[in-house]
Each structure stands twice: as structure tokens, then as C-alpha cells.
Amino acid sequence: MTSEDKDLVKVEYDNGVAWVSFNRPEKRNAMTPKLAGRMLEVLDEVEVREDVGVMVLTGEGTAFSAGMDIKEYFRDMKGKPHIEEIRARRKNWEWQWRRLRYFEKATIAMVNGWCCGGAFLPMASCDLAIAADDAKFVLSEINWGILPAGNVTKAVAANMPARTGIYYAMTGLPFDGKQAAAYGMVNESVPLADLRKRTRELADVLLEKSPAVLKSCKEVFKRTLDHNLGWDISEEYLIAKQEQLWMLAGEERERGFKQFLDDKSYKPGMGMYKRD
Ligand code: ACO
Ligand code: V55
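Structural notes, computed from the coordinates. (Residues numbered from 1 in each chain as written. Chains lettered and ligands numbered in written order. Predicted model: local features only at pLDDT ≥ 70, side-chain atom pairs only at ≥ 80, totals over all residues. Heavy atoms only, no water.)

Brief notes about the packing of helix H2 (residues 33-47) against helix H4 (residues 82-99)
Short version of the rule: Lines fitted to C-alpha atoms define the axes, with helix axes restricted to the stretch in contact, and inter-axis angles between N-to-C directions lie between 0 and 180 degrees. A run of H or I in DSSP becomes a helix once it reaches four residues, and a run of E becomes a strand once it reaches two; helices and strands are each numbered from the N terminus. We call a crossing left-handed when the near helix sits turned anticlockwise from the far one by less than a right angle, and right-handed when that turn is clockwise. We call two residues contacting when some pair of their heavy atoms lies within 4.5 Å. Any residue that is not Ala, Val, Leu, Ile, Met, Phe, Trp, Tyr, Cys, Pro, Asp, Glu, Lys or Arg is counted as polar, Gly included; the first ten are nonpolar and the last four charged.
Contact geometry of H2 with H4 gives a least axis separation of 8 Å together with a crossing angle of 35 degrees. For the crossing formed where H2 meets H4, the hand is left-handed. Contacts between H2 and H4 pair Ala36, Gly37, Met39, Leu40, Leu43, Asp44 and Glu47 from the former with Lys91, Asn92, Glu94, Trp95 and Arg99 from the latter. A class-by-class count of the residues in the contact of H2 with H4 yields five nonpolar, two polar and five charged.

In C-alpha cells, the structure reads:
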């Protein structure tokens, strides 16, 4: 990987947070096969860092991401062996949902501007999302003659009301950050000038938690959702994960018991116990 390829994604570490930015602002952070390769490396790097508890995914410039690069992923693939196209797509999906969806750290998508088509996937794979009020979301696939494929349709159906999702998939009309928050596609929207500060505040809430408990919390949430577990299997699964977590990180709840029941130094309903 050349240093130029490395620059396609920017990574900054700051007090427990890894700020990961798509860094192709002149192309509105359209995602290329090289960018996908770089993202896989970055995810591997961030996931094992002990000093990171939260990863924020965002974009440099005026876009979060303009989706898949229409030239490199679509037009230039014409005439190439089908297997090459399949491999390129697989690498794209790999980081965007197989890898990102169950990432070991907490993840926040910080949607600073345009979020088009294929960019819905990494956005929706993050655990939480905050948008700028005037960020623009658009399922633009229909506007150039393809489907919101590669699981984009699934990401939309899972994160907004069905009537709303199908409306935007069929019309290719844009909606802004405020609307995205009202539909539940993102947790909240704030003025662009406050976006980074607000994201930092949310990251700090997550950083107070036990990393082992937080990791399991997102994992069980997503697995019960993704596999549409029935009540019985879901109960068995959650009990099993709970017991596994107690074996691995049982001291966490002991600390909580003590501070609440003995020391009376905190109330679980009003915030976190002291971890150190
Ligand atoms: N693929 C390839 N190139 C792109 C993409 C893209 N998805 N998005 C932007 N670019 C390029 C433009 O061609 C332009 O290149 P140039 O400077 O060499 O001419 C450069 O990025 C800047 O783009 P502009 O269109 O000039 O930026 P503007 O801010 O005016 O508009 C917008 C931003 C609305 C996002 C526009 O670029 C756009 O519509 N992009 C395509 C969005 C899209 O449909 N993406 C694919 C979704 S489908 C999928 O992901 C599978
Ligand atoms: C799309 C997305 C894909 C793909 C083909 O959103 C089309 C359109 C994320 O992968 O492989």
C-alpha cells in the first residue's frame, strides 16, 4: 500500500476516541476499491488498541460519503471478468457490514454532509449516528438506474419506518439530518458547528462504561435483531452471554453492588459507578 493509498482514510487518536475519516474530499469521499482495502487495515488497527473505546466514522470536507465510486466500481468494471467484480464488491461489503457491524469497540457515525447510496451501509453499521442538521441523505441508486443493493435496502428497512424507507428508495429524493433524526435513521441531529463537540460528549458517555460489557451489549442487541430471534432462543442466548460476561468481567458488577448497596455512593438509575 503506497502512502497515497494510506491517505485515503485519516485516523486520529484522542483520549479514548479514534476519529476515522474518509479522506477523498475532492471526490466527496466516494468509496473506491483502494479505500475499502485501507478501511480493512484501519479497522484491524483500531480494534486491538487498548487506548481506544469508541471509533467515530466521518468524512473530510462537505460529504460523509457520496457512496460507491461510480467510475471505479461500475463503469470501469465493464468488460472485466465477472469474478473480479465480485471480489471487489465482497471487499467493499466486508468492511461495511460484515466487519463494521460487529466491531469490538463502540462505533458512532458522524454524518457531516452528503450520505449517498452505498454510504448508508457503513453509516447504518455503526452502533449510533449523529448528523448535522443540514446533512443530505439520498438513496440515489434509482436516479442512475440501479438498486440500493449490497444490503443498502436492508440497512434502510432496518433503520426507518417502512413507508418512509420505500418512499426514499423509490423517489431518490433527499432528506436532511433533522428528518433522518425524526425517522430514527440517526439518533439526533445538531448544527454542523456543534457536531464534533456533541459526538465527543456521546463518546465520553460510552467511555465511562466497562469495555467488556459495552462490547457484549452491542453484540447481543444486533444479533437478536439481525437473526430475528424468537423469544425462547433469545432468552437462552442472552442468559448464555450474560453468564459468559460474568465469568470474563464479573468484577464490574461487584463494584456496582458495593458502591450502591454498601457505600451508597451512586445510584444505577442516575449514572455510572466509579470504575477505578
Ligand atoms: N462516484 C464517482 N465520482 C464521484 C462520486 C461518485 N459516487 N461522487 C462525486 N464524485 C466526483 C464528481 O464526479 C466530481 O469529480 P470531478 O471533480 O473530477 O469532476 C467530484 O467528485 C466532486 O463532485 P461534484 O458533483 O462536483 O460535487 P457537489 O458537491 O456539487 O455534489 C453530490 C455532491 C450531490 C454528492 C454529487 O457529487 C453526486 O451526486 N454524486 C453521486 C452520488 C451517487 O449517486 N453515488 C452513488 C450512490 S449508489 C452506490 O453507492 C452503489
Ligand atoms: C449498491 C451497493 C453495493 C453494491 C451494489 O447501493 C450496489 C448500491 C454496498 O454495495 O455492491
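That covers the picture; the talk isn't over yet.
Let's talk about the site of ligand 2
Note the cut-off: The nearness test applies per residue and asks whether one of its heavy atoms lies within 4 Å of the molecule or strand. We define a polar contact as two N or O atoms separated by no more than 3.5 Å, with the added condition that, inside protein, one atom must be a possible hydrogen donor and the other a possible acceptor, whereas residues neighbouring each other in sequence contribute only through side-chain atom pairs. Areas reported here follow the Shrake-Rupley algorithm with a probe of radius 1.4 Å; residue values treat only the protein chains shown as occluding.
Around ligand 2 sit 14 residues in total, of which Met68, Arg89, Trp93, Glu141 and Val152 are the nearest. Within the side chain of Trp93, an N or O atom sits 3.0 Å from an oxygen atom of ligand 2. Within the side chain of Glu141, an N or O atom sits 2.4 Å from an oxygen atom of ligand 2. Isolated, ligand 2 exposes 300 Å² of accessible area, and the fraction of that covered by the protein chains is 95%. With four residues, H4 is the single largest residue contributor to the shell around ligand 2. When its residues are assigned to classes, the shell around ligand 2 shows eight nonpolar, four polar and two charged.

Quick notes on a nonpolar patch on the surface
What counts here: Patch construction takes residues with relative accessible area above 30% that form no salt bridge. Like charges are linked within 9 Å, and nonpolar side chains (Val, Leu, Ile, Met, Phe, Trp, Tyr) are linked within 5 Å. Salt bridge criterion: a side-chain nitrogen from Lys or Arg within 4 Å of a carboxyl oxygen from Asp or Glu. Buried means the residue's accessible area, taken with a 1.4 Å probe over protein chains only, is under 20% of the maximum for its type, while exposed means over 50%, and partly exposed covers the values in between.
Together, Ile166, Tyr167, Met170 and Leu173 line one region of the surface with nonpolar side chains, adding up to about 410 Å² of accessible area. Summarising the element assignment, Ile166 is placed in helix H8 (residues 162-171). Residue classification places Ile166 among the partly exposed residues on the basis of a relative accessible area of 47%.

Here's the deal with the packing of aromatic side chains
Here the distance between the centres and the angle between the planes together describe a pair of aromatic rings. The cut-off we apply is this: Under the pairing criterion, centres of Phe, Tyr and Trp rings, with the six-membered ring standing for Trp, must be within 6.5 Å; the plane angle then separates stacked pairs below 30 degrees from edge-to-face pairs above 60, leaving the rest tilted. Each ring is checked for a lysine NZ or an arginine CZ that lies within 6 Å of its centre and within 35 degrees of its normal; such an atom marks a charge sitting over the ring.
For the coordinates displayed, the defined rule picks out 12 aromatic pairs. Their ring planes at 85 degrees and their centres at 5.0 Å tell us that Tyr167 and Tyr168 sit as a pair that is edge-to-face. Given the relative accessible area of 42%, Tyr167 is considered partly exposed. Classification of Tyr168 as buried rests on a relative accessible area of 5%. Aromatic side chains Tyr266 and Tyr273 sit 6.1 Å apart centroid to centroid with 80 degrees between the ring planes, which places their arrangement in the edge-to-face category. Using a relative accessible area of 16% as the deciding quantity, one classes Tyr266 as buried. Owing to a relative accessible area of 12%, Tyr273 belongs among the buried residues under this scheme. One aromatic cluster is present, formed by Phe120, Phe137, Tyr167, Tyr168, Phe175 and Tyr183 through successive ring pairs. Arg98 extends its terminal NZ or CZ atom over the ring of Trp97, reaching a point 4.9 Å from the ring centre.

Focus: the state of the cysteines
For the record, the criterion: When two cysteine sulfur atoms lie within 2.5 Å, the pair is treated as a disulfide.
This model, assessed by the stated rule, comprises zero disulfides. Lacking any disulfide linkage, Cys126 is separated from the closest cysteine sulfur, that of Cys115, by 10 Å. Since its relative accessible area comes to 4%, Cys126 is described here as buried. Not engaged in a disulfide, the cysteine Cys217 finds its nearest cysteine sulfur in Cys126; these two sulfurs lie 16 Å apart. In this structure Cys217 comes out as partly exposed when scored by relative accessible area, which is 48%.

Some details on the environment of Gly250
Considering the arrangement of structural elements, one finds Gly250 in the loop between helix H12 (231-249) and helix H13 (251-262). Gly250 gets classed as buried once you look at its relative accessible area, which sits at 15%. Once the C-alpha coordinates of Gly250 and Val213 are considered, the two residues, 37 residues apart in sequence, prove to be 9.8 Å apart.

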